Amino acid sequence: MSGQKDFFNELKIIQDVVVNVMLSNESKYNDTEDLLIDTTYETIYKILELIDGYGINKKKYEVKDTINDEIINKKTSMHNMCEESLLHTEI
């Protein structure tokens, strides 16, 4: 399946980019939790960019809630919601 291969190739690129960026910024972190938060945030953001059509292949993907059959990214770019949703939300 070419589509799946393309998608996973892009995920591998995202993984490589985030690892390299975080390694180059490693010295700024005194706290492992902050390092992990930033690493996971960057990864999630880049995956959402991929889904929104900003990846190398410029393909836009749909994210579907299969319970109510709703495409949750039909009217919005999900990566634009990332900072507000992940960095400013208490769990």
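Rules used in this analysis
Residues numbered from 1 in each chain as written. Predicted model: local features only at pLDDT ≥ 70, side-chain atom pairs only at ≥ 80, totals over all residues. Heavy atoms only, no water. Helix = DSSP H or I, 4+ residues; strand = E, 2+ residues; numbered from the N terminus. Expected span 1.5 Å × (residues − 1). Buried < 20%, exposed > 50% of the residue type's maximum accessible area, 1.4 Å probe, protein only. Contact = heavy atoms within 4.5 Å. 1 Å grid on protein atoms, 1.4 Å probe; cavity = no way out; pocket = protein on both sides within 12 Å on 5 of 7 lines; lining within 4 Å. Points joined across faces, edges and corners; volume = space filled by probe spheres on them. Nonpolar A, V, L, I, M, F, W, Y, C, P; charged D, E, K, R; others polar. Polar contact = N/O pair within 3.5 Å; in protein donor to acceptor, adjacent residues only side chain to side chain. Core = buried A, V, L, I, M, F, W, Y, C linked by side-chain atoms within 4.5 Å.

> Explain helix α1 (residues 2-24) here, please?
Along an α-helix, residues three or four positions apart point the same way, because every turn accommodates 3.6 residues. Here α1 spans 33 Å end to end across 23 residues, near enough to the 33 Å set by a 1.5 Å rise per residue. When α1 is considered as a whole, its buried residues turn out to be E10, I14, V18 and M22. Elements in contact with the buried residues of α1: α2 (32-51).

> Can you walk me through the layout of surface pockets in this structure?
Empty space among the atoms becomes visible once a probe the size of a water molecule is rolled across them. Taken as a whole, the largest pocket encloses approximately 150 Å³ of empty space. Only α1 and α2 provide two or more residues apiece to the lining of the largest pocket. Element by element, the count of residues in the lining of the largest pocket is highest for α1, at four residues. The class makeup of the residues in the lining of the largest pocket is six nonpolar, one polar and three charged.

> Teacher, can you tell me more about α2 here?
Compared with an ideal rise of 1.5 Å per residue, which puts 20 residues at 28 Å, α2 spans 29 Å between its outermost C-alpha atoms and is within 8% of the ideal. Residues of α2 that are buried: Y41, L48, L50 and I51. Check the buried side of α2 and you find it contacts α1 and α3 (82-87). Capping of α2 at its N-terminal end is provided by D31; its side-chain oxygen lies 3.1 Å from the backbone amide nitrogen of E33. G53, located one to two residues past α2, shows a positive phi value of around 100°.

> What is the right way to look at the nonpolar core in this model?
Across soluble globular proteins, you tend to see nonpolar side chains buried next to one another. In terms of nonpolar packing, the biggest core is built from eleven residues, these being I14, V18, M22, Y29, Y41, L48, L50, I51, Y61, M78 and C82. Looking at this core, the elements that each hand over two or more residues are α1 and α2. If you tally residues by element for this core, the top one is α2, at four residues. For M78, the residues in contact, after removing those within four places along its chain, are L48, D52, V63, I72 and N73.

That's the geometry; what it means functionally is another story.
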